[in-house]
Amino acid sequence: MTDNRSEETDVTAAVAIAEQKKKKERDAWSDLLASLSETRSKVDFSRLYEHFAPRVKAYIIRFGMPVAAAEELTQESMLAVWRKAHLYTRSKASASTWIFTLARNQCIDRLRREKAVEYELPEEEIDPDQRHYGEHAVLEERMSGAIAKLPEAQAHVLYLSYYEGKSHSEISEQLGIPLGSVKSRLRLAFSKLKAHWGEEE
């Protein structure tokens, strides 16, 4: 019993440290994006691009876009970051939430053009780039809270897949574990997240 409690304490501490590290990293990127509107520094934008472009591409692919379209939309999304950095409000959302919202909007706009589907937006949405702004922030917070309750091994694999957009084989290579273990941990993690989501609802 003592060993189990000690192990649970270690896992909880490890998750807390990981969360603190992620928060510190999110804050750093948010600070950089907030300053970009004033500095217009190409060096700062390059740092943002190198960090977020691969993640945006992975997100767009998960959104259902083909790879070629995802690459094009990633370029458009990151150009939108450069052009619209002055619209970013540090207190409303993290840099990742804001950037992924831009990417999501690019996907929606592309689908509208290709499928000619009519959408109705609420009248109060003055700036289309703020669509689902609060929704993403809430979902990100709920997801982080749910992941924090997972066993460390499952949380780590899910973080690499969900937040960093790594493939199963890349995670297997990075962690030095069999591909089957990666898939198994992800299945267990998603099962627990679904249960957690259901309890919250």
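Residues numbered from 1 in each chain as written. Predicted model: local features only at pLDDT ≥ 70, side-chain atom pairs only at ≥ 80, totals over all residues. Heavy atoms only, no water.

The next thing to look at is the overall build of the chain. When you go through the chain residue by residue, the secondary structure sums to eight helices and zero strands. In sequence order, the secondary structure elements of the chain are arranged as α-α-α-α-α-α-α-α. Of the contacts made within the chain by residues no fewer than 6 positions apart, 65% connect residues no fewer than 24 positions apart. (Helix = DSSP H or I, 4+ residues; strand = E, 2+ residues; numbered from the N terminus. Contact = heavy atoms within 4.5 Å.)

The topology assignment puts T101 in helix α4 (residues 95-115). Here T97 takes part through its backbone oxygen, which lies 2.7 Å from a polar atom of the side chain of T101. (Polar contact = N/O pair within 3.5 Å; in protein donor to acceptor, adjacent residues only side chain to side chain.)

Before going further, it helps to examine the side chain of S41. By the element assignment, S41 lies in the loop between α1 (2-39) and α2 (42-62). Taking relative accessible area as the criterion, S41 reaches 19% and is therefore assigned buried. Only 3.3 Å separates the side chain of S41 from the backbone nitrogen of V43, close enough to count as a polar contact. Setting aside chain neighbours within four positions, we find S41 in contact with L36 and W82. (Buried < 20%, exposed > 50% of the residue type's maximum accessible area, 1.4 Å probe, protein only.)

Turning to the pattern of salt bridges, a few remarks are in order. Close approach of charged atoms lets side chains of opposite charge pair. A full pass over the atoms with the stated rule returns six salt bridges. Between K23 and D27 there is a salt bridge whose closest N-O contact spans 3.0 Å. Of this pair, K23 and D27 both sit in helix α1, separated by four residues, roughly a single helical turn. For K23, a relative accessible area of 47% translates into the label partly exposed. Among the residues examined, D27 registers a relative accessible area of 26% and is labelled partly exposed. Among the ionic contacts, a cluster of salt bridges with common partners joins K23, D27, D31 and R90. (Salt bridge = Lys/Arg side-chain N within 4 Å of Asp/Glu carboxyl O.)

With that out of the way, let us pick up unusual backbone geometry. Working note: non-glycine residues mostly have negative phi, and peptide bonds are mostly trans. With a phi close to 50°, R40 is a non-glycine residue in the positive phi region. Relative to the assigned elements, R40 resides in the loop between α1 and α2.

Ranked by internal contacts, the top residues of the largest apolar core, which has 27 residues, are L33, F52, V56, I60, M78, V81 and I99. In contact with I99, other than residues within four places in its own chain, are L33, F52, V56, M78 and V81. Core analysis: the next-biggest nonpolar cluster, separate from the first, contains 13 residues, L150, A155, V182 and A189 among them. (Core = buried A, V, L, I, M, F, W, Y, C linked by side-chain atoms within 4.5 Å.)

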